[in-house]
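Listed below are the residues making up each chain.
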Amino acid sequence: MNIILLGPPGAGKGTQARVLEERDGMVQLSTGDMLRAAVAAGTEVGQQAKAIMERGDLVTDEVVIGIISDRLEEDDVKGGVIFDGFPRTLAQADALGALLGTKGLKLDAVVEMRCDDSVLVERVVGRFTCGKCGEGYHRSFKKPAKEDVCDKCGSTGGFKQRADDNEESMRTRLLNYYKDTSPLIGYYHAKDTLQTVDGTADIDDVTAQIAKVLS
Ligand code: ADP
Ligand code: ADP
Ligand code: ZN
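Values in this document were obtained by computation on a predicted structure and should not be read as measured data. (Residues numbered from 1 in each chain as written. Chains lettered and ligands numbered in written order. Predicted model: local features only at pLDDT ≥ 70, side-chain atom pairs only at ≥ 80, totals over all residues. Heavy atoms only, no water.)

### With respect to the packing of helix α6 (residues 117-125) against helix α7 (residues 167-181)
Consideration 1: In contact at an axis separation of 10 Å, α6 and α7 are set at 135° when each is read in the N-to-C sense. By the criterion of interaxial angle, the relationship of α6 to α7 is oblique. Our pair here, α6 against α7, has a crossing hand that is right-handed. Of the residues in α7, those in contact with Asp117, Leu120, Val121, Val124 and Val125 of α6 are Glu167, Met170, Arg173, Leu174 and Tyr178.
Consideration 2: For the contact of α6 with α7, the residue count by class is seven nonpolar, no polar and three charged. (Axes fitted to C-alpha atoms, helices over the stretch in contact; angles between N-to-C directions. Helix = DSSP H or I, 4+ residues; strand = E, 2+ residues; numbered from the N terminus. Parallel < 35°, antiparallel > 145°, perpendicular 65-115°, else oblique. Left-handed = near helix turned anticlockwise from the far one by under 90°. Contact = heavy atoms within 4.5 Å. Nonpolar A, V, L, I, M, F, W, Y, C, P; charged D, E, K, R; others polar.)

Okay, here's the thing in structure tokens:
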């Protein structure tokens, strides 16, 4: 099964993608993670993207479509993928449709994770991840069982916070979401692939809602 998780920053896309990966053996394709890896590696794409991402603006369609196109060449995508944070514009959605078509892959569902803005800032500002395995946490809503130790991999090597997870960048990201990304809700609704869940519910509750709409 190939699905898109669609929702504003902080909606819980990454959190739910990792559950689906673990439970159903799908692979998470997060353009945000791929771009952050490019920034860390100092590649040409990374150098171009760094300041744009810190501000909370969108990287060009050309760059992200190129990244996804390359990634879809790899063998592991055959077991099913979760697009997380892609597509984010109508141009990206059209390009994804064309790419999947040429590779003989089908888009089974688009899951919109609907959330009030009021919860999003708190979620993003309190977000951190394990520096080793990437597991996501939250200061109030998803603390590690033991302080400073990753539940997933046991690492004590430290947690990381994203450079763009601050209120100022978040305001820009929310504006960009409403301007450029939210039109995708209508786009996929018209294609009959849209399913909506309540993203403000607890993490486990959202997991259950997603399982239900995908069954
Ligand atoms: P996204 O990938 O959509 O930006 P994340 O999955 O990274 O969002 O979640 C943002 C933050 O909110 C993380 O710190 C995560 O632990 C937390 N979080 C995710 N889902 C929920 C939820 N349903 N309720 C409370 N906190 C959540
Ligand atoms: P969030 O989890 O908060 O939704 P992401 O990790 O998906 O954020 O993305 C972080 C940043 O990377 C975005 O603010 C944007 O600058 C860039 N980015 C990620 N995916 C895309 C995309 N599909 N198109 C354009 N820019 C993107
Ligand atoms: Zn870890």
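Having seen the structure, we can now continue with the description.
### Concerning the sheet that holds strand β4 (residues 109-114)
Consideration 1: The strand order across the open sheet formed by five strands is β2-β3-β1-β4-β8, and the pairing between neighbours is parallel. With one partner strand each, in any of the chains shown, β2 (27-30) and β8 (194-198) form the two edges of the open sheet. Across the sheet, the mean angle separating the axes of adjacent strands is 25° when strand polarity is ignored. (Pairing = 2+ DSSP bridges.)

### A few points about the site of ligand 1
Consideration 1: Around ligand 1 sit 19 residues in total, of which Lys13, Thr15, Arg127, Tyr137 and Ala201 are the nearest.
Consideration 2: In this structure, a nitrogen atom belonging to ligand 1 sits 2.8 Å away from a main-chain N or O atom of Ala201.
Consideration 3: Out of a free accessible area of 560 Å², ligand 1 has 91% covered by protein chains.
Consideration 4: When contributions to the shell around ligand 1 are tallied by element, the ones reaching two or more residues are α1 (13-24), β6 (136-138) and α9 (203-214).
Consideration 5: If one sorts the elements of the shell around ligand 1 by residue count, α1 sits on top with three residues.
Consideration 6: Here the shell around ligand 1 is composed, by residue class, of eight nonpolar, six polar and five charged. (Near = heavy atom within 4 Å. Polar contact = N/O pair within 3.5 Å; in protein donor to acceptor, adjacent residues only side chain to side chain. Areas by Shrake-Rupley, 256 points an atom, 1.4 Å probe, with all protein chains shown as cover.)

### Overview of the pattern of salt bridges
Pairs can form between side chains of opposite charge whenever their charged atoms are close.
Consideration 1: Applying the stated criterion across every chain, the model contains 20 salt bridges.
Consideration 2: Between Glu135 and Lys152 there is a salt bridge, and its shortest N-O distance comes to 3.6 Å. Of this pair, Glu135 sits in the loop between β5 (127-130) and β6 while Lys152 sits in the loop between β6 and β7 (159-160), placing them 17 residues apart in sequence.
Consideration 3: The structure contains a network of salt bridges with shared partners spanning Arg18, Glu22, Glu135, Lys142 and Lys152. (Salt bridge = Lys/Arg side-chain N within 4 Å of Asp/Glu carboxyl O.)

### Describing the coordination of the zinc ion (ligand 3)
Consideration 1: Around the zinc ion (ligand 3), the protein contributes the donor atoms Cys130 (SG), Cys133 (SG), Cys150 (SG) and Cys153 (SG), which lie 2.3 to 2.4 Å from the metal centre.
Consideration 2: Around the zinc ion (ligand 3) sit four donor atoms, and with donor-metal-donor angles ranging over 107 to 112° the site reads as tetrahedral.
Consideration 3: Of the residues examined, Cys130 reaches a relative accessible area of 3% and is grouped as buried. (Donors = N, O, S within 2.8 Å, 3.2 Å for Na, K, Ca; no water. Tetrahedral: all angles 85-135°; square planar, octahedral: opposite > 155°, others 65-115°. Buried < 20%, exposed > 50% of the residue type's maximum accessible area, 1.4 Å probe, protein only.)

### Focus on the site of ligand 2
Consideration 1: Residues in contact with ligand 2 amount to 19 residues; listed here are only the nearest, Thr31, Arg36, Asp57, Gln92 and Arg173.
Consideration 2: A distance of 2.9 Å is found between a nitrogen atom of ligand 2 and a side-chain nitrogen or oxygen belonging to Gln92.
Consideration 3: Taking Arg162, its side chain carries an N or O atom lying 3.2 Å from an oxygen atom of ligand 2.
Consideration 4: In isolation ligand 2 exposes 560 Å². Once the protein is present, 96% of that is buried.
Consideration 5: Here the shell around ligand 2 takes four residues from helix α2 (residues 31-41), the largest share from any one element.

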